[in-house]
Amino acid sequence: MESKTFLQDFEAYLSLERGMSGNTCEAYVSDVCHLLEYLEEENLNPAEAKEKDLHSFLSTLRDMGIGPRSQARILSGIKSYYKFLKLSGIIDTNPTDLLEAPRLGRHLPEVLSTAEIDMMINQIPDDKEESLRNHAIIETLYGSGLRVSELIDARLSRLSFDDGCLIVEGKGSKQRIVPVSPVSLDLIKEYLPQRAHLNIKSDAQDIIFLNRRGGKMSRVMVFYIIRDLAAAAGILKTVSPHTLRHSFATHLLEGGASLRVIQELLGHESLETTEIYVHLDRSRLRKELLTHHPHYRK
């Protein structure tokens, strides 16, 4: 097997069949190249590598001081490569099936209370040109749990005011339908006449939220809007657009929504990704207990 000749086909598979971004495809191919170099040094053909050989490769990464998160990403690329080899008929059994990623410590994200979100909204000045847009952005991020990339790519042609829903394109170019709250819809309706007065660029005609120059907003621009409003509200937490997404999920869980529903709304492929909100909810419950129960206060 001429392993390196399969790399271009592997990259095409990641891009066309898996719908991965260019950066992710490039990272996966780079990770597989490291594996191929290791196997070549061990005089092993990738198609004949066994689970123990791949374990040895991962151990080498650990010995080199590569962290668990990077190890997990490299393993993800290798698993994709062997899945591709099996689909291509190069191998009969996948040696990565039983390989497990290193355990990562769970990072519980910051969550805003509804009062804190209202405090941020109250900091939006009434006299600025972009005030209505910024209010609509916050309500849409928090009300629909969007990623910032989904927000800046949100399109008028995919927004239904009658049905109260928006079709967004998430990770891997996968589309999903998200509900949009009546508050968000009303704010967007109010914003549209203001938007129409902009000199809208040809490639942004369908984009909902625009910058002052009539172009698509950047992720960084939305980050600064959220950060500055949080600071103005006196919120000491580290706040970003993703904080509103976390708050959306946590408040749904606290309100009794099932993990499956939250998973679908967030566009998570795996329920494991969504389960962090269970841990987050438990930590908040403990905090409330420590704060309010008389025996715990002692």
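Residues numbered from 1 in each chain as written. Predicted model: local features only at pLDDT ≥ 70, side-chain atom pairs only at ≥ 80, totals over all residues. Heavy atoms only, no water.

### A short note on the confidence of the model for the chain
Stated formally: A residue's pLDDT is simply how confident the predictor is in it, with values from 0 to 100. Helix and strand assignments come from DSSP, with helices taken as H or I runs of at least 4 residues and strands as E runs of at least 2, each series counted from the N terminus.
On average, residues of the chain score 83 in pLDDT, and 84% of them reach the 70 mark or higher. Taking the mean pLDDT of every element in the chain, the minimum, 49, falls on helix α14 (residues 294–297) and the maximum, 96, on helix α5 (residues 114–122).

### Re the environment of Asp153
This is how it is decided: Burial classification: accessible surface area is computed with a 1.4 Å probe over protein chains only, and a residue below 20% of its type maximum counts as buried, one above 50% as exposed, and the rest as partly exposed. Contacts are residue-level and defined by heavy atoms, with any inter-residue pair within 4.5 Å sufficient.
Here Asp153 lies in the loop between α7 (148–152) and β1 (159–160). Given a relative accessible area of 28%, Asp153 falls into the partly exposed group. Separated by 51 residues in sequence, Asp153 and Ala204 have C-alpha atoms that sit 9.4 Å apart. With residues near it in sequence (within four places) discarded, Asp153 still touches Ile207 and Lys216.

### Focus: helix α8 (residues 182–196)
Counted only if it meets this: Here the expected length of a helix is defined as 1.5 Å per residue gap, with one fewer gap than residues. Here the bend at each residue means the angle between axes fitted to two seven-residue stretches, the one ending at that residue and the one beginning there.
When the terminal C-alpha atoms of α8 are compared, their 21 Å separation across 15 residues agrees well with the 21 Å that a helix rising 1.5 Å per residue should span. The sharpest bend along α8 measures roughly 25° and falls at Glu190, with the proline Pro193 sitting one to four residues further on. Residues of α8 that are buried include every one of Ser184, Leu185, Leu187, Ile188, Tyr191 and Arg195, and no others. Of the surrounding secondary structure, the elements contacted by the buried residues of α8 are α6 (131–144) and β1.

### Examining the sheet that holds β1
Hydrogen bonds along the backbone pair up the strands of a sheet, which may run parallel or antiparallel. Applicable threshold: By definition, two strands form a pair when at least two bridges between them are found by DSSP.
The strand order β1-β2-β3 describes an open sheet built from 3 strands, whose pairing is antiparallel. Looking along the sheet, the strands with just one partner apiece sit at the ends: β1 and β3 (175–179). Pairing between strand β2 (residues 165–169) and β3: 5 bridges, direction antiparallel. By the bridge assignment, Cys165 is partnered in β3 with Pro179.

### Brief notes about the pattern of salt bridges
Keep this limit in mind: What makes a salt bridge here is a side-chain nitrogen of Lys or Arg within 4 Å of a carboxyl oxygen of Asp or Glu, nothing more.
In total, this model carries 8 salt bridges according to the counting rule given. Between Arg227 and Asp228 there is a salt bridge; the shortest N-O distance is 3.0 Å. Accessibility expressed as a relative area gives 39% for Arg227, which makes it partly exposed. Residues joined by salt bridges that share partners form a network here, namely Arg147, Glu150 and Arg176.

### Some words on helix α2 (residues 22–41)
The terminal C-alpha atoms of α2 lie 29 Å apart, and with 20 residues this matches the ideal 28 Å at 1.5 Å per residue to within 8%. Of the residues flanking the end of α2, it is Asn43, one or two places downstream, whose phi is positive at about 60°.

### Digging into the side chain of Arg245
Selection criterion: Here the positive residues are Lys and Arg and the negative ones are Asp and Glu; neither His nor the chain ends is included.
The topology assignment puts Arg245 in helix α10 (residues 241–254). Lacking a salt bridge, the buried Arg245 has Glu150 as its closest oppositely charged neighbour, with an N-O distance of 4.5 Å. Ignoring any residue separated from it by four or fewer positions in sequence, one finds Arg245 in contact with Gly145, Leu146, Arg147, Glu150, Arg176, Leu266 and His268.

### Brief notes about the packing of aromatic side chains
Threshold: Ring pairs are drawn from Phe, Tyr and Trp, using the six-membered ring of Trp, whenever the two centres fall within 6.5 Å, and their geometry is named by plane angle: stacked under 30 degrees, edge-to-face over 60, tilted for the rest.
Under the counting rule described, the total for this entry stands at 9 aromatic pairs. Centre to centre, the rings of Phe10 and Tyr81 are 5.1 Å apart; their planes meet at 80°, and the pair counts as edge-to-face. Taken together, the residues Phe10 in helix α1 (residues 7–17) and Tyr81 in helix α4 (residues 68–87) connect sequence positions 71 residues apart. Ring geometry for Tyr13 versus Phe84: centroids 5.4 Å apart, planes at 35°, classification tilted. Residue Tyr13 is located in helix α1, and its partner Phe84 is located in helix α4; the two are separated by 71 residues in the primary sequence. Like Phe84, Tyr13 is buried. One aromatic cluster is present, built from ring pairs that chain together Phe10, Tyr13, Tyr81, Tyr82 and Phe84.

### Some words on unusual backbone geometry
The backbone of Asn43 shows a phi angle near 60°, a positive value even though the residue is not glycine. Mapped onto the fold, Asn43 is located in the loop between α2 and α3 (51–63). For Asn43, a relative accessible area of 73% puts it in the exposed group.

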